[in-house]
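# A look at the structure
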2 protein chains.
Amino acid sequence: MTTQQLIDQIKNKKSFLCVGLDVDLNKIPQHLLALEDPIFEFNKAIIDATHDLAVSYKPNTAFYEAYGIKGWQSLEKTINYINENHPDIFTIADAKRGDIGNTSSMYAKAFFEDLNFDSITVAPYMGKDSVEPFLAFENKHTIMLALTSNEGAFDFQTLNVDGTELYKQVLETSKNWKNSENLMYVVGATKAEYFTEIRKIVPDSFLLVPGVGAQGGSLSEVCKYGMNANVGLLINSSRAIIYASNGTDFAEKAREEALKMQHEMEEILK
Amino acid sequence: MTTQQLIDQIKNKKSFLCVGLDVDLNKIPQHLLALEDPIFEFNKAIIDATHDLAVSYKPNTAFYEAYGIKGWQSLEKTINYINENHPDIFTIADAKRGDIGNTSSMYAKAFFEDLNFDSITVAPYMGKDSVEPFLAFENKHTIMLALTSNEGAFDFQTLNVDGTELYKQVLETSKNWKNSENLMYVVGATKAEYFTEIRKIVPDSFLLVPGVGAQGGSLSEVCKYGMNANVGLLINSSRAIIYASNGTDFAEKAREEALKMQHEMEEILK
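Residues numbered from 1 in each chain as written. Chains lettered and ligands numbered in written order. Predicted model: local features only at pLDDT ≥ 70, side-chain atom pairs only at ≥ 80, totals over all residues. Heavy atoms only, no water.

- An unreviewed UniProt entry lists chain A under the name Orotidine 5'-phosphate decarboxylase, with Flavobacterium alvei as the source organism.
- Of the comments in the UniProt record for chain A, the one headed Sequence similarities (unreviewed entry) reads "Belongs to the OMP decarboxylase family. Type 2 subfamily."
- What the UniProt record of chain A gives under Catalytic activity (unreviewed entry) is the line "orotidine 5'-phosphate + H(+) = UMP + CO2". (UniProt positions renumbered as here; feature names shortened; annotations may be inferred.)

## Points about the sheet that holds strand β2 (residues 56-59) of chain A
Residue and element names in this part refer to chain A.
- Spatial ordering of the closed barrel is given by β1-β2-β3-β4-β5-β8-β9-β10, a layout of eight strands whose pairing is parallel. Pairwise comparison of adjacent strand axes, ignoring direction, gives a mean angle of 30 degrees for this sheet.
- As paired elements, strand β1 (residues 17-21) and β2 share four bridges and run parallel to each other. Note that in β2 the partner of L21 across the bridge is P59. (Pairing = 2+ DSSP bridges. Helix = DSSP H or I, 4+ residues; strand = E, 2+ residues; numbered from the N terminus. Axes fitted to C-alpha atoms, helices over the stretch in contact; angles between N-to-C directions.)

## Structural notes on the UniProt feature "active site" (unreviewed entry) in chain A
- UniProt annotation of "active site" (unreviewed entry) refers to K96 of chain A when read in the numbering used here.
- When you line up the elements, K96 of chain A lands in strand β3 (residues 90-97).
- When residues no more than four places from it in sequence are discounted, the contact partners of K96 of chain A are N60, T121, V122, A123 and L145 of chain A together with K96, G98, D99 and M126 of chain B. (Contact = heavy atoms within 4.5 Å.)

## Side note on the packing of aromatic side chains
- Going through the model one piece at a time under the given rule, you end up with 19 aromatic pairs over all chains.
- Consider the rings of F156 of chain A and W177 of chain B, whose centres lie 6.2 Å apart with planes at 55 degrees: the pair is tilted. Taken together, the positions of F156 of chain A in helix α7 (residues 153-156) and W177 of chain B in the loop between α8 (166-174) and β8 (183-187) put the pair across two chains. Pair check on accessibility: F156 of chain A and W177 of chain B agree, each one buried.
- Grouped by ring-pair contacts, the aromatic residues W72, F111 and F117 of chain A together with W72, F111 and F117 of chain B constitute a single cluster. (Phe/Tyr/Trp six-rings, centres within 6.5 Å; stacked < 30°, edge-to-face > 60°. Buried < 20%, exposed > 50% of the residue type's maximum accessible area, 1.4 Å probe, protein only.)

## Comments concerning the sheet that holds strand β2 (residues 56-59) of chain B
- The strand order β1-β2-β3-β4-β5-β8-β9-β10 (chain B) describes a closed barrel built from eight strands, whose pairing is parallel. When strand polarity is set aside, the average angle formed by the axes of neighbouring strands in this sheet is 30 degrees.

## Digging into the pattern of salt bridges
- Under the counting rule described, the total for this entry stands at 32 salt bridges over all chains.
- A salt bridge links R97 of chain A to E65 of chain B, with the nearest nitrogen and oxygen atoms 3.0 Å apart. Residue R97 of chain A is located in strand β3, and its partner E65 of chain B is located in helix α3 (residues 62-65); the two belong to separate chains. For the pair formed by R97 of chain A and E65 of chain B, the shared burial category is buried. (Salt bridge = Lys/Arg side-chain N within 4 Å of Asp/Glu carboxyl O.)

## Remarks on the side chain of H141 of chain B
All names here are of chain B.
- With respect to the helices and strands, the residue H141 is situated in strand β5 (residues 141-147).
- You can call H141 buried: its relative accessible area is 3%.
- Side-chain polar atoms of H141 contact the backbone oxygen of M1, separated by 2.7 Å. (Polar contact = N/O pair within 3.5 Å; in protein donor to acceptor, adjacent residues only side chain to side chain.)

## Some points on helix α10 (residues 219-226) of chain B
Residue and element names in this part refer to chain B.
- All of the buried residues in α10 are L219, V222, C223 and G226. Projected down its long axis, α10 carries its buried residues within an arc of 95 degrees, all on one side.
- Looking at the buried side of α10, the elements it contacts are α9 (195-201), β9 (207-209), β10 (233-237) and α12 (250-269). (Arc of directions from axis to C-beta.)

## What to know about the pairing of β5 of chain B
Residue and element names in this part refer to chain B.
- Within β5, seven of the seven residues are buried, which leaves the element mostly enclosed by the surrounding structure.
- Taken together, the four bridges between strand β4 (residues 119-122) and β5 define a ladder with parallel strand orientation. Within the sheet, the bridge partner assigned to T121 lies in β5 and is I143.
- Tracing the backbone out of β4, into helix α6 (residues 128-135) and back to the parallel element β5 gives a crossover that is right-handed. (Right-handed = clockwise from strand over helix to strand, strands pointing away.)

In C-alpha cells form, the structure reads like this:
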C-alpha cells in the first residue's frame with residue numbers, strides 16, 4: 001500500500017484508528033473456546049464489526065507465537081482474511097524485529113512476502129544495516145520504535161546523547177538511511193508533550209501512537225501536537241476496544257468503542 | 001538449565017562453542033530439498049555431527065519465520081530434538097524480542113514454556129519493564145543486546161551518554177533489574193578491544209559472542225580480554241560451520257570445522 005492510499009482511506013473513513021489485535025485466550029469470550037480456532041474467530045468478528053471505523057489492524061506477534069504453530073496459523077488466517085476482504089486496510093505486524101542485515105532480510109521476507117503485511121514494527125538498537133533490509137521493499141512500511149509508551153522508555157530512550165535525547169537522535173539518524181521515505185515511527189501517547197519536538201524532526205512521517213486509553217494517553221493532546229497536513233497519525237487502541245465485553249456481545253461492544261473513537265477523530269478532523 | 005550446569009558442560013566438553021542454526025533453504029545441500037522437512041533434517045544432521053563439540057545451539061527465529069507455519073514446525077522439531085536427545089545442551093532462541101510488559105510476558109511464554117528454550121536474546125531499547133518479564137523465569141536466561149557485531153552498532157550503541165557509551169549504560173542499568181542474575185549479554189567479537197571495559201561492568205556474566213569467523217572477529221583476542229574464571233563466554237559460529245560444504249558431506253565438514261574451533265578452545269582453556 002502506498003502512503004497516499006493510507007491518507008485517502010483516512011479521509012474517506014474520517015478515522016485514523018488502528019485496532020490492536022492482541023488476543024489472549026484468557027480474555028476473550030469463553031464461548032469461543034469451543035471453536036476450532038478461537039483466536040481467528042475472535043479477530044474475524046472484531047474485524048467484521050469495526051472495519052468501516054478503523055483504517056488499520058495491528059496483530060502483535062507475541063500473542064500468536066505464545067500459542068506455537070496454532071498461533072501462527074491464526075495469524076496467517078487473520079492477515080489473509082483482512083487482505084481478501086478489506087484490501088483498503090493498512091496492516092501492521094507488531095513484531096519489533098531487528099537483527100544483522102541478512103537476518104533482517106529474512107524477517108522482511110517473512111512479514112512482507114510470506115504473510116503480506118503492509119508494515120512491520122522494528123527496534124532501532126542495532127542501527128542502519130538492521131533496518132535498511134526492511135526499507136528496501138517498495139510500498140511496504142517500516143515503523144521504527146522512537147519513544148515508547150511504557151515506563152522503561154525513560155531507561156534509555158530519553159538519555160542525553162551529546163546534548164539531545166536518544167530518541168531524537170534515532171529519528172534524526174534514520175532520516176539518512178536508504179529508502180527512509182518508507183519509515184514511520186512509534187511514539188507513545190503517554191508523552192504527548194514530546195510531539196512538538198518530534199514534529200520538528202519528522203514533520204511529514206506517519207506516527208503510530210499506542211497508549212491512548214488503557215495506558216492513559218489523551219487523543220486530543222496527541223492530535224494537538226502531533227497531527228500534520230496529511231493527519232500523519234495512526235492511533236492504536238487494543239484492549240479498550242477488543243475487550244469491551246467478554247460476553248456474546250463482544251463484537252457489538254467493540255464496535256461501540258470503536259465508534260466512540262471514530263466520532264472523536266471525525267470531530268478533530270473537521 | 002542453571003548457570004552451573006552450563007559451566008560444568010563447558011568444562012566437560014572443553015568447549016564454549018555455540019552453533020548458530022541459521023538455516024537458509026538456498027544454502028543447504030540441494031539433495032535435502034526432496035525431504036519433507038529439509039530444515040529439520042539439516043539441523044538434525046548438524047546436531048548429530050557436532051553435539052559433543054558444542055555446548056549450545058542457537059536457531060535464529062528469522063530463518064524459520066521466513067517459511068511461515070512450515071518454518072515454525074521446523075523450529076519446534078529442532079528444539080524438541082535437542083531437548084530429547086541432548087538435554088545437557090544450552091539452547092538459545094535468537095529472537096531479539098522486547099515489548100511492553102504484558103507482551104514480553106507472551107514472548108517469554110512462547111519461548112520458555114511452549115518451545116522450552118533455555119534462553120532467548122532480547123533488545124534493550126524499551127527498558128526495564130520490557131525485559132523483566134523474561135527474567136522472572138527460574139533457570140531460564142535472558143541474553144540482552146549490548147554491543148553487536150554489525151556496522152550499525154556504531155549508530156547508537158557507542159553514542160556518548162552522559163560521559164559513557166550507551167552500551168555501557170545499558171549494561172550498568174540492567175544490573176539493577178529484578179532477577180538480573182538471569183541476564184547474559186550479546187557482545188560482538190569484531191570489537192574485542194571493548195571486552196576489557198565490559199568486564200569491568202559485568203565481570204561474572206556470560207557473554208554470547210557472535211562475529212568470530214565470517215564477520216571477522218578473532219577467538220584468541222576475545223578470550224584474552226573477555227574470559228572470566230568460569231569461562232563466561234559462548235562463542236557463536238553459524239555459517240563457517242553449517243555451510244562448510246553444501247554437498248552430501250555437509251555434516252562431516254561441519255564436524256571438521258567445529259572440531260577446529262573446539263581444539264582452539266581446548267588450548268585456550270589449558
